[in-house]
Amino acid sequence: MAINILGIESSCDDTSAAVISDGILLSNVIASQQVHEEYGGVVPELASRAHQQNIVPVVDAAIRRAGLDRRDISAIAFTRGPGLIGSLLVGTSFAKGMSLGLRIPIIDVNHLHGHVLSHFVREKADDRVPEFPFLCLLISGGNSQLILVRSYNDMEILGRTIDDAAGEAFDKCAKVMGLPYPGGPHIDRLAAEGDPKRFKFAKPHIPGLDYSFSGLKTSFLYTLRDGLKADPGFIEANRADLAASLQATIIDILLDKLAKAVKQTGVRAVAIGGGVSANSGVRAAVAEFCERHGLEAFIPQRKFTTDNAAMVAMAGYFKYLDKQYCDYESAPYARVEI
Ligand code: KG4
């Protein structure tokens, strides 16, 4: 009989459910929450309530689109953390209830493991997947990490941000430019028409493989302040150049440490993941870097860059093969390392 894993993701503001059958993705349903837009950021309590509304229809749709009945599910994998605790509670409690009802195991998944293992989600049996060991640059709204991936469950964080995440740098700078939340995709769009060399922003000098983005943010703010002093229409007149220069600086910072990590570890493959890996500039820069250094590049399809349950089901599938189930006492956690 096929191993059918239902994955549930509810760590932030996307309610998602997916079904993976013998390692192949059958369905991946995502309900995004628009309710946060007017607040300029995710409001945790509103997120929990939206998850409660979404979870039943989303899970139902994922099983239906997979062409299965819920009695065909072998186990339920759910994101246990890190994330917003109220949001995680919805997915965790739902997974427990459903598993009790169906008498099937539950498997807890570390959200960050999920992002890394999203590279193993195959839609067709011959889709390319990375060989171990490889480096994963995980860049999202909450994390910026360089991870050495030795196997499905053996990962080491070589570097991480000591302040803001790459996504926060995009979002916070976009916010002061008056762009809607989340600003990352808007910067991406504007950057395509701007001059990346027009403005110079500060780059960090942090030893080792750690990242820092708060200095860049401050220097971006100073540029806006000085520009606005001279011309109240400064932002409007320079939107595209500001976006392009900001994006180019973030890419430089990311690639600088990535190059160091490749040298240090001697890996032959590099993968990127997380929301910021949807950025056109980042994707092109990593692909070009890998080509120049003879490395294999794994750039995820855009639908697997943001939070999705396909990656949770995938991580759950590997744990299922090892019989790594969890018990009903397992509570969600807001923060955790890999
Ligand atoms: O992984 P993710 O969906 O969840 C969180 O960790 O919150 O990442 C969301 C982040 C946001 O900061 C968003 O602005 C950023 O990913 N993002 C982008 C792009 N698409 C999403 N940043 C730059 N360019 C994009 N195209």
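Residues numbered from 1 in each chain as written. Predicted model: local features only at pLDDT ≥ 70, side-chain atom pairs only at ≥ 80, totals over all residues. Heavy atoms only, no water.

Enquirer: I'm lost on helix H2 (residues 85–102) in this one. Help?
Expert: Given 3.6 residues per turn, any residue in an α-helix points the same way as the ones three and four places further on. Between its first and last C-alpha atoms H2 spans 25 Å; for 18 residues at 1.5 Å apiece the expected length is 26 Å, and the two agree. Here H2 has its buried residues at Ser-87, Leu-88, Val-90, Gly-91, Thr-92, Ala-95, Lys-96, Met-98 and Ser-99. Next to the buried residues of H2 lie strand E1 (4–9), helix H1 (44–65), strand E4 (75–81) and strand E5 (106–110). Once H2 ends, the next one or two residues include Arg-103, with phi positive near 55°. (Helix = DSSP H or I, 4+ residues; strand = E, 2+ residues; numbered from the N terminus. Expected span 1.5 Å × (residues − 1). Buried < 20%, exposed > 50% of the residue type's maximum accessible area, 1.4 Å probe, protein only. Contact = heavy atoms within 4.5 Å.)

Enquirer: What should I look at first to understand H1 in this one?
Expert: Look at H1: 29 Å from first C-alpha to last across 22 residues, which is about the 32 Å you get at 1.5 Å a residue. Packing partners of the buried residues in H1 comprise E1, strand E2 (14–21), strand E3 (24–32) and H2. Gly-67, located one to two residues past H1, shows a positive phi value of around 75°.

Enquirer: What is the right way to look at the domain arrangement of the chain in this model?
Expert: Where interface size is given, it is often the accessible area lost as the parts come together that is meant. You can read the domains of the chain as domain 1 (4–126 + 304–321) and domain 2 (134–302). Just the C-alpha atoms count here: the centres of domain 1 and domain 2 sit 27 Å apart. Between domain 1 and domain 2, the contact holds 16 residues from the first and 23 residues from the second. For the pair domain 1 and domain 2, the summed buried area comes to about 1700 Å², and 70% of that belongs to carbon and sulfur atoms. Of all residues in domain 1, the largest losses of buried area upon contact with domain 2 belong to Val-116, His-119 and Thr-305, amounting jointly to 37% of the total for that side. Connecting domain 1 to domain 2 are 0 salt bridges. On the surface where domain 1 and domain 2 come into contact, there are 6 residue pairs in polar contact (both at pLDDT 80 or more). By residue number, the principal contributor to the side of domain 1 that touches domain 2 is helix H3 (residues 111–117), which donates 5 residues. Its residues placed into classes, the side of domain 1 that touches domain 2 shows 7 nonpolar, 7 polar and 2 charged. (Domains from an automatic or database assignment. Buried area = accessible area lost by both parts, 1.4 Å probe. Salt bridge = Lys/Arg side-chain N within 4 Å of Asp/Glu carboxyl O. Polar contact = N/O pair within 3.5 Å; in protein donor to acceptor, adjacent residues only side chain to side chain. Nonpolar A, V, L, I, M, F, W, Y, C, P; charged D, E, K, R; others polar.)

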